[in-house]
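An overview of the molecular structure
Now for the letters of each chain:
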There are 2 protein chains.
Amino acid sequence: MTIEYATRHRRASHIPPEPGKPYFVEKGEGDRAHLFGDLFTVYAGGEQTENTFNFFTCDGAKGDIIPAHLHPDTYEVFYITEGAVRLFVEDQEGGQHEKLLSPGDFGFVPKNCPHAYRIERHHSRIVGVAAGPGGTFERFFENLGTPTEEFGLPREPYVPAPHTFGTVPQEYDVRFMPDHVWRTGE
Amino acid sequence: MTIEYATRHRRASHIPPEPGKPYFVEKGEGDRAHLFGDLFTVYAGGEQTENTFNFFTCDGAKGDIIPAHLHPDTYEVFYITEGAVRLFVEDQEGGQHEKLLSPGDFGFVPKNCPHAYRIERHHSRIVGVAAGPGGTFERFFENLGTPTEEFGLPREPYVPAPHTFGTVPQEYDVRFMPDHVWRTGE
């Protein structure tokens, strides 16, 4: 029952286009996209859950901190299953917190809280859920990045065209904060 | 920042009682409950997400298939991070499907689809999200089962008092199907 479907997101997907249908996806075979150096894999999206929640993974290599950003209407889960990821998050009073998360560790980022992360070991994997009362935002990664049929990390980082930063993030409830500074101890 | 809070669910919890606050929970330190032979650990609940989604784990030992049930208004994710779990699910046309899920594999059970699972290796772990437009149901496990401060599996299975089966499942959108038969090839 790992059938391939044509959907509005992919020519061939293991996620059925119509809601209400049970399905299985083997490891790594969700809808994949490359964005910068990371591989994002969607296993369930808003279509499957009446826009209640989604479920995706982010695979990445040891690298730099990603740009600080927030989601005005989206709550986000970071659950680490491989490697090590340092999560940075600012609360609504401006207090900043960071923690190195190992497999099994969990971080929760509420809406409107600036956050970022830095992958600190090769072959790290984050399991994510990102949704709120306004919907789910799992297709952000392939719209700012690019869909792929490959299974691994991008061979070269996929850098979005500059104009996409002006449109795609807003559509998916993402606000980048280029002037944000992390003052947590490093 | 792994502070302990008093909440309406626990005397001491790493999940803050007020929404909108970022937090971290180290592996295994979510709100724990025993139900039959399994350990359920809640990392985020409806309070954190405006009732949009939750996030929990189920740790269990190799054992029997759990009772078949469905959720009239709840979508459910099964993502395996350790061990092996066989997921059984019936679609809305009555077709039955089963698949042995290994770490990294994913199963999706829509609302109204009868389902069950059997843990087929010791030290298995399922990551779950269970929510729908009507809310989230992460507190089912501790209400049918029992909250615990222990970190491991129950030393003896926790069998709910018979009268709780008459009230708790309905409150949490769970309908057991005692006469259901799995006809998938075994």
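Higher on the page you've got the structure.
Being a predicted model, the structure only gives us computed values, none of them experimental.

1. A look at the packing of aromatic side chains
Taken as a whole, this structure holds 32 aromatic pairs over all chains when the rule is applied. A ring pair is formed by F108(A) and Y23(B), whose centres lie 5.2 Å apart and whose planes are at 25°; its orientation type is stacked. Here Y23(B) lies in strand β1 (residues 23-25) and F108(A) lies in strand β9 (residues 106-109), a pairing that spans two chains. No difference in accessibility class separates F108(A) from Y23(B), as the two residues are buried. Following the ring pairs from residue to residue traces out a cluster consisting of Y23(A), Y43(A), F55(A), Y75(B), Y79(B), F106(B) and F108(B). Across the ring face of F151(A), the terminal group of R32(A) is positioned such that the distance to the ring centre comes to 4.1 Å.

2. With respect to the interface of chain B and chain A
Many analyses report the size of an interface as the accessible area lost when the parts associate. Between chain B and chain A, the contact holds 47 residues from the first and 47 residues from the second. At the boundary of chain B with chain A, total buried surface from both sides reaches about 3900 Å², with 71% on carbon and sulfur atoms. In this structure, the connection of chain B to chain A is made through 4 salt bridges. With a shortest N-O distance of 2.5 Å, K111(B) and E50(A) are connected by a salt bridge. Every element with two or more residues in the side of chain B that touches chain A is listed here: β1, β3 (38-44), β4 (55-60), β6 (75-82), β7 (85-90), β8 (96-101), β9 (106-109) and β11 (124-132) of chain B. With 5 residues, β11(B) is the single largest residue contributor to the side of chain B that touches chain A. The residue makeup of the side of chain B that touches chain A, split by class, is 24 nonpolar, 12 polar and 11 charged. Pairing between strand β1 (residues 23-25) of chain A and β9(B): 3 bridges, direction antiparallel.

3. Quick look at the environment of S102(B)
All names here are of chain B. Turning to its location among the elements, S102 is positioned in the loop between β8 and β9. Taking relative accessible area as the criterion, S102 reaches 33% and is therefore assigned partly exposed. Considered as a pair, S102 and T81 are 21 residues apart in the sequence and their alpha carbons are 7.5 Å apart. Among residues more than four places away in sequence, those in contact with S102 are I80 and G83.

Rules of the game
- Starting afresh in each chain, residues are numbered from 1 along the sequence in its written order.
- Here the convention is simple: chains get letters from A, ligands get numbers from 1, in the order in which they are written.
- The model is predicted, so local features are restricted to residues of pLDDT at least 70 and side-chain atom pairs to those at 80 or more, both for listing and for counting; the totals for chains, interfaces and linings are taken over all residues.
- Here the side-chain values reflect all heavy atoms present in the structure, with hydrogen atoms and water set aside.
- Pairing of aromatic rings covers Phe, Tyr and Trp, the last through its six-membered ring, and needs centres within 6.5 Å; plane angles under 30 degrees mean stacked, over 60 mean edge-to-face, and all others mean tilted.
- Under the DSSP-based scheme used, a helix requires at least four consecutive residues in state H or I and a strand at least two consecutive residues in state E, with every element numbered from the N terminus.
- Between buried and exposed lies partly exposed: a residue is buried under 20% and exposed over 50% of the maximum accessible area for its type, with that area taken using a 1.4 Å probe on protein chains only.
- Geometrically, a charge over a ring is one whose NZ (Lys) or CZ (Arg) sits within 6 Å of the ring centre while staying within 35 degrees of the ring normal.
- Contacts are residue-level and defined by heavy atoms, with any inter-residue pair within 4.5 Å sufficient.
- Here the quantity called buried area is the accessible surface, traced with a 1.4 Å probe, that two parts lose on coming together, added over both.
- Any carboxyl oxygen of Asp or Glu that lies within 4 Å of a side-chain nitrogen of Lys or Arg is treated as forming a salt bridge with it.
- Any residue that is not Ala, Val, Leu, Ile, Met, Phe, Trp, Tyr, Cys, Pro, Asp, Glu, Lys or Arg is counted as polar, Gly included; the first ten are nonpolar and the last four charged.
- Strand pairing requires that DSSP identify at least two bridges connecting the strands.

Any functional reading would require information beyond the geometric quantities listed.
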